[in-house]
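Letter by letter, the chains look like this.
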Amino acid sequence: MASQGNHHDEQNTHTEPYPLLGMDISMFSKAGFDMDHVSLKRNAPVAQLYEEAVRKEGAVIASSGALINLSGKKTGRSPKDKRIVYEETSKDDIWWGPVNIKLDEHTFEINRERAIDYLNTRDDIYVFDGFAGWQPKYRIKVRVICARAYHALFMHNMLIRPTREELENFGEPDFTIYNAGHFPANRFTTGMTSSTSVEINFKRHEMVILGTEYAGEMKKGIFSVMHYLMPAKFGQLSLHSSANMGDKGDVSIFFGLSGTGKTTLSADPSRKLIGDDEHVWSDHGVFNIEGGCYAKCINLSAEKEPEIYGAIRFGSILENVKFDEATRDPLYDDSEITENTRCAYPIEYIPNALIPCMTTTQPSNVIMLTCDAFGVLPPVSRLTSEQAQYHFIAGYTSKTPGTEDGVTEPSPTFSTCYGQPFIVLPPQRYASMLAERMSHVNCNAWLVNTGWIGGKYRVGRRCPLKYTRAILDAIHDGSLANAEYDQFAPGVFDLRVPRAVNNVPSEVLNPANSWPDKAAFEAELKKLAGMFAEAFVTHEKEVNPEVLNAGPHKTH
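Predicted model, so just to flag it, every value in this text is computed and none were measured.

Participant: Mind showing me how you'd approach the packing of aromatic side chains here?
Facilitator: Aromatic ring pairs: the centre-centre distance and the angle between the two ring planes describe each pair. Counted according to the given criterion, the structure contains 26 aromatic pairs. Residues tyrosine 390 and phenylalanine 536 carry aromatic rings whose centres are separated by 4.1 Å and whose planes lie at 20 degrees to one another, so their mutual orientation is stacked. Taken together, the residues tyrosine 390 in helix H9 (residues 385–394) and phenylalanine 536 in helix H13 (residues 518–536) connect sequence positions 146 residues apart. With a relative accessible area of 1%, tyrosine 390 lands in the buried category. Here phenylalanine 536 falls in the buried class, since its relative accessible area comes to 3%. Taken together, the ring pairs connect Tyr390, Tyr396, Phe414, Phe488, Phe493, Trp515, Phe521, Phe532 and Phe536 into an aromatic cluster. Against the face of phenylalanine 170 rests lysine 141, its NZ or CZ located 5.7 Å from the ring centre. When the ring centre of tyrosine 349 is taken as origin, the NZ or CZ atom of arginine 313, which lies over that ring, is 3.8 Å away.

In structure tokens form, the structure reads like this:
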């Protein structure tokens, strides 16, 4: 399924307009497209997609040059409507359950035909052919077929853009997305629970989208495909992570859920950005799956996140962002449409991006980020292999109280492998592969808390960003690996915390010392340990005893 090709460079990552160049259009006829009626627009130039999005979809060009468009009723993913087809080629590998809900083959065929029937009613059909995965040995060829210029531009940004030669020799795709998101699924069809349906069929190498125009479904759909193919078919480890590289070729992988700082901390001016969200740790190094970034932009400012702010220019998409009618300036602080406002842009729009987005060196550090609003976890802990597997599977962070009535305490969030909605194989399969690769290259593992210190939310304070950056500097320069360590919470968390880190006050490194109220700290410590134990119950039978014992121990 992998396709071969030459490495990309910054000059050839943009696709020029080559309508139907080298493309066998018979696949469209065989799929049921009315070729006498529809007009195929393949890898259309960005300017043309702008024009058609403005003319046909009501899009607006922002003062920055970015295209502002709306995703309709759905402004985020619909995980409860995601389905994977139950068929003989993949059924024994899939982690079936509430994340990966079974769908029968016949129902998939019905929905696929429904999507193509809708696309046949459109005068123009947009096709984008691109790659997922920068390493030529493991990349796959993806074809997106959609009805909106906005969706074509989005995937132009998010996939890896082929050169003219690669497009001419593209051949048959390895995976095809049929996006008829404007048209609803029939909720009375067997297996449907709503008018939204996002379905993946690994035997047919196809994905069908109905009832949602949120562009992120395509991005995460392709990640789910790679999250299955890389470990199951190629023996390579796919990861929901960001990654960067230092001047000496040292690579760091960052895991973290929303709000932990994954994007902010991996965008280090002193290091090259490999990518912000999806990677594969291969036998040859680390490579980005995507050709672009999909960043949150609620409350975005040039001061806080200059790289992202500067990337929003011609060719970028602002999704569901309000704007000033008079000036066309984006209103990043306005959440009237959704809190989940987004921007999508090619990765080369980031000044320090590593192009091509791949390394020939193996990772030196795995950094698991958490925002602990309970104020219990240390700002940095060094993890054993078993602890790394445990915390990887647990995928912990916490959310702070919002404006909802009655919510006064932080709430824990556990997302398996730091990306539960996209897990396709059993979690232990990813975790054991991670441990094997870390052991093979002697990679260090760290748990970094970007949350509260000196007390829980509303009592202590958020760990200053400058302290976290100083911790990461100490990880990257190797000094933290050689530091002296103390045990934190023996018998409960059993974590190792450094006694000193350059430019970080030593008193904040161990929460047992930084909390003025020791009794309150002990109470929160036991409470959080209990939350971990309760959340991990679903994984107890899947993991080795050593991994289970490496986690927090519930105490009474």
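Participant: Hey, could you run me through helix H11 (residues 465–476) in this one?
Facilitator: Two residues of an α-helix separated by three or four positions point the same way, owing to the 3.6 residues in each turn. When the terminal C-alpha atoms of H11 are compared, their 16 Å separation across twelve residues agrees well with the 16 Å that a helix rising 1.5 Å per residue should span. For H11, every residue scored as buried is listed here: Tyr467, Thr468, Ala470, Ile471, Leu472, Ala474, Ile475 and His476. At the C-terminal side of H11, glycine 478 shows a positive phi close to 90 degrees.

Participant: Explain the pattern of salt bridges to me, please; I cannot follow it from the model alone.
Facilitator: A pair can form between side chains of opposite charge whenever their charged atoms are brought close. Under the criterion given, the structure shown has 31 salt bridges. Across the pair glutamate 88 and lysine 203 runs a salt bridge, and its minimum N-O distance is 3.2 Å. One end of the pair, glutamate 88, is in the loop between strand S4 (82–85) and strand S5 (101–103); the other, lysine 203, is in the loop between strand S9 (197–201) and strand S10 (206–210), with 115 residues separating them in the sequence. Between glutamate 206 and arginine 204 there is a salt bridge, and its shortest N-O distance comes to 2.8 Å. According to the relative accessible area criterion, glutamate 206 is buried, its value standing at 7%. Assessed through its relative accessible area of 32%, arginine 204 is described here as partly exposed.

Participant: Just to check I follow, could you spell out unusual backbone geometry for this structure?
Facilitator: Excluding glycine, residues mostly have negative phi values, and the peptide bonds linking residues are mostly trans. Looking along the chain, the bond that leaves isoleucine 355 and enters proline 356 is cis, with omega of -5 degrees. Locating proline 356 in the fold gives a position in the loop between strand S19 (342–346) and strand S20 (363–370). A positive phi is found at asparagine 299, a non-glycine position, where the angle reads about 65 degrees. Summarising the element assignment, asparagine 299 is placed in the loop between strand S17 (292–296) and helix H8 (306–311). Residues other than glycine seldom take positive phi values, yet tyrosine 418 does so here, at roughly 55 degrees.

What counts and how
- Residues numbered from 1 in each chain as written.
- Predicted model: local features only at pLDDT ≥ 70, side-chain atom pairs only at ≥ 80, totals over all residues.
- Heavy atoms only, no water.
- Phe/Tyr/Trp six-rings, centres within 6.5 Å; stacked < 30°, edge-to-face > 60°.
- Helix = DSSP H or I, 4+ residues; strand = E, 2+ residues; numbered from the N terminus.
- Buried < 20%, exposed > 50% of the residue type's maximum accessible area, 1.4 Å probe, protein only.
- Lys NZ or Arg CZ within 6 Å of the ring centre and 35° of its normal.
- Expected span 1.5 Å × (residues − 1).
- Salt bridge = Lys/Arg side-chain N within 4 Å of Asp/Glu carboxyl O.

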